[in-house]
Amino acid sequence: MTSPTPADALLGPADVRELAAALGVRPTKQRGQNFVIDANTVRRIVRTAEVRPEDTVVEVGPGLGSLTLALLEVADRVTAVEIDDVLASALPATIAARMPERAERFALVHRDAMQVRELPGPAPTALVANLPYNVAVPVLLHMLETFPSIERTLVMVQAEVADRLAAGPGNKVYGVPSVKANWYAEVKRAGSIGRNVFWPAPNVDSGLVSLVRRTEPIATSATRQEVFAVVDAAFAQRRKTLRAALAGWAGSAAAAEAALVAAGVSPQARGEALTVHEFARIAENRGAAAGDTTVRDTAVRDTAARDTAEQKDSQA
C-alpha cells in the first residue's frame, strides 16, 4: 500500500466511514462522538486557531484523526488525548499510514482528559479540539488550569456552549462558564460550523471559540478556588441579588453584604452583571464583616427591610 500524497492525506467522508467500519466503531451519544468528515473544515479550524510551525498542540478527543492530520500538516508536534480504547489503539496506525513523514511528531495519551496531569514531550503551546458536547466546559477548564503553557486555544463545541463561553456581563447567557473561562483568557466567538460536516450529523449546530491566555493573571490576592467559589454561589441562585445568593458562601446575608460593599459591588446587583475582576474583589473581602467595623455597620443597616425585599424577590 502506498502512502497518500499530501493532497489526500486528510480524511474525507468515505475514508471516515471506511475506517470506522474496519474498526467496528459506531459513534456513541454517551461520549458525544461526532466525527468531522470534511477536510476543508479541519483546515479552516487549524487556520482559525493560528497554529504555527513551532507549536506543540494538544488535541482532546481526536476520534478517527480528521483534525489530528490537519494539525500535523502545520504544527511542530501534536499530542492527542483519547479515552476510547478502540480509537486510541487505531490512531497511531492511521497517522503512520496517511502522514508517515510526520508520524514521529505525533504522540498519543490514552486517558480520560480530566485525569491528565502531564503530557509527553515539550509543554503544549496550543489546544485545538473538537470537544465532546457533554464534557466540553469541564475539559476545557481543566486543560487551561493544568497546562499554563497553553497560550492559544480554539475549541469546537455546541453552539449554545460557545455562546455561553464567549458571553460578557449583562448577556442573558453569561454565567459560570463565561466567568471561569475569562479567568484564564480573553474569550471570543470565532465562527460557526454546520451540521453536515459531521458523521453522524448532530441535531445541534456547533461553534468555534477562541481563547487567548492572559499575559498577566487577574490581579488578586484571592486564589482561583476562592474566586470560583464566589462565582458558583452567585450563579447557583442567579435570580437573587448577590446579597442573598452569597449568604451561604459568606455565612449570612449581612456578611455577604459586607464583602460586597468592601469590594465596591452593589449588594443589590446580580451575578450576571459582574466581571471576573469584580468576583475576585468579592473573594478578597470575604472576612470584611469580621475585620472592619465600619463596613460591618454598613452591612447590617436596614437588614430586616432588605430581608423582606429579598423574600419578595425570590417569590417573584
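Participant: How should I be thinking about the packing of helix α5 (residues 136–146) against helix α7 (residues 176–184) in this particular structure?
Facilitator: When two helices pack together, their arrangement is given by the angle between the helix axes and the distance between those axes. Contact geometry for α5 and α7: axes closest at 10 Å, N-to-C directions at 20 degrees. Comparing their axes, α7 and α5 come out roughly parallel. Taken as a pair, α5 and α7 cross one another with a handedness that is left-handed. Between α5 and α7, the residues in contact are Val137, Leu141, Leu144 and Glu145 and Pro177, Lys180, Ala181 and Tyr184, respectively. In the contact of α5 with α7, the residues fall into 6 nonpolar, no polar and 2 charged.

Participant: Where do I start with the packing of aromatic side chains in this structure?
Facilitator: The relation between two aromatic rings is expressed through the spacing of the ring centres and the mutual angle of the planes. Under the counting rule described, the total for this entry stands at 5 aromatic pairs. Seen in terms of ring centroids, phenylalanine 35 and tryptophan 199 are 6.3 Å apart; in terms of plane orientation they differ by 35 degrees. Their pairing is tilted. Note that phenylalanine 35 is positioned in strand β1 (residues 35–36) and tryptophan 199 in strand β8 (residues 198–199), a separation of 164 residues in sequence. For phenylalanine 35, a relative accessible area of 6% translates into the label buried. Following the ring pairs from residue to residue traces out a cluster consisting of Tyr174, Phe235 and Phe279.

Participant: How should the nonpolar core be read in this particular structure?
Facilitator: Proteins that are soluble and globular tend to have nonpolar side chains buried together. Of all hydrophobic cores here, the largest spans 60 residues; its most connected members are Leu131, Leu211, Val227, Leu246, Phe279 and Ile282. If we skip the residues at most four places from it in the chain, isoleucine 282 touches Val230, Leu246, Trp249, Ala259, Leu260, Ala263, Val265 and Leu274. Core analysis: the next-biggest nonpolar cluster, separate from the first, contains 38 residues, Leu87, Ile95, Phe106 and Val128 among them.

Conventions used here
Residues numbered from 1 in each chain as written. Predicted model: local features only at pLDDT ≥ 70, side-chain atom pairs only at ≥ 80, totals over all residues. Heavy atoms only, no water. Axes fitted to C-alpha atoms, helices over the stretch in contact; angles between N-to-C directions. Helix = DSSP H or I, 4+ residues; strand = E, 2+ residues; numbered from the N terminus. Parallel < 35°, antiparallel > 145°, perpendicular 65-115°, else oblique. Left-handed = near helix turned anticlockwise from the far one by under 90°. Contact = heavy atoms within 4.5 Å. Nonpolar A, V, L, I, M, F, W, Y, C, P; charged D, E, K, R; others polar. Phe/Tyr/Trp six-rings, centres within 6.5 Å; stacked < 30°, edge-to-face > 60°. Buried < 20%, exposed > 50% of the residue type's maximum accessible area, 1.4 Å probe, protein only. Core = buried A, V, L, I, M, F, W, Y, C linked by side-chain atoms within 4.5 Å.

Nothing here speaks to function; it is geometry throughout.
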